[in-house]
Amino acid sequence: MVCVALVAGGTALFATGVGAEAGAARTDPMSTVSRSYVALGDSFTSGPAIPAQLGPATNPSAPKRCMRSSDNYPSLAARALDLVLTDASCGGATSEDLARSQGVGTPPQLSAIGSSTSLISIGIGGNDLGFSTIAANCVSATPWGPTRVGWNCMSHYTVGGIDQLAATIHGVGLKVANVLTEIRARARHARVFVVGYPDIVPLNGSGCWPRLPFSAHDLGYLRGVEADLNSTLAKDAKAANDIYVDMAAPSASHTACTPEDTRWVDSIVPSPGSYP
């Protein structure tokens, strides 16, 4: 679905000239439209465990720590549009990592962007929020509780009646907004796609404990957390006059609780050959 959105937007990009989106402030096309596409993001972009995994000795090469696939959605979109892809995505990345190295041999992701870059996709924010920590804290010993942080996860993250994750998401939004400003400074004419996160837990029902080991009580809370993050990313994209790619709606029937040949994300207890 991300590939479809990028292909549709990219086709319009090269048909009308960069920055020609209706209502956009950036309407002055470049004299020659390049076919340069830069992909930024975390593991939801890089594609851990999706064959074939790239490494220092592959072509193209990639830092091993980034867990980058030759068939992730940036690669599929680049082939469909005949673009020159620079895939800088790296598993574990936070928004702050875009401007700094994640380790030896891993340059800052933003360094891949230049003034001639035409199309940019960015999927970031989950690690700023702490997806993996939240998942670990919310694992439930039974379908009803307890978790490692109390009988239910929602109570742990609610202090004095205030949802602490909601406050964190607000901070994530500010960081992503700053990243989008920096991207625009580096590539004034590029079309930028902000990619949201797919649904991980089902929209309703009691889930699929123990494969996705969250209690029925916490499922609704976790749905709300992810929806809040996606809503924040959408607002950031709109404020920056960029394009938001909604992944929640098309992935609703492909959650971690759906059959192995259907799901787009795997559960905390992954199937063989997949990544949690």
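Before reading on, note that the structure itself is shown above.
Residues numbered from 1 in each chain as written. Predicted model: local features only at pLDDT ≥ 70, side-chain atom pairs only at ≥ 80, totals over all residues. Heavy atoms only, no water.

Let us look at the pairing of strand 1 (residues 36-41). Counting buried positions over the 6 residues of strand 1 gives 6, a clear majority of the element. Both faces of strand 1 are covered, namely the face carrying Ser36, Val38 and Leu40 and the face carrying Tyr37, Ala39 and Gly41. Of the pairings in the sheet, the one linking strand 1 to strand 2 (residues 84-87) comprises 4 bridges and is parallel in character. Considered in strand 2, the bridge of Ser36 is made with Val84. Direction of pairing for strand 1 relative to strand 3 (residues 119-123): parallel, over a ladder of 5 bridges. Each residue of the ladder has a partner; that of Val38, found in strand 3, is Ile120. (Buried < 20%, exposed > 50% of the residue type's maximum accessible area, 1.4 Å probe, protein only. Helix = DSSP H or I, 4+ residues; strand = E, 2+ residues; numbered from the N terminus. Pairing = 2+ DSSP bridges.)

What follows covers helix 5 (residues 131-138). For helix 5, the set of buried residues is Phe131, Ile134, Asn137 and Cys138. Looking straight down helix 5, one finds its buried side chains confined to an arc of 135 degrees; they lie on one side. (Arc of directions from axis to C-beta.)

So, about the state of the cysteines. For the structure shown, the criterion picks out 3 disulfides. Bridging Cys138 to Cys153, the disulfide has an S-S length of 1.9 Å. In this structure the cystine formed by Cys138 and Cys153 twists about its S-S bond by roughly -45 degrees; its chirality is therefore left-handed. With Cys138 in helix 5 and Cys153 in helix 6 (residues 153-156), this pair connects stretches of sequence that are 15 residues apart. By relative accessible area, which is 0% here, Cys138 ends up buried. Using a relative accessible area of 0% as the deciding quantity, one classes Cys153 as buried. The partner cysteine of Cys208 in its disulfide is Cys257, sulfur to sulfur 2.1 Å. (Disulfide = S-S within 2.5 Å.)

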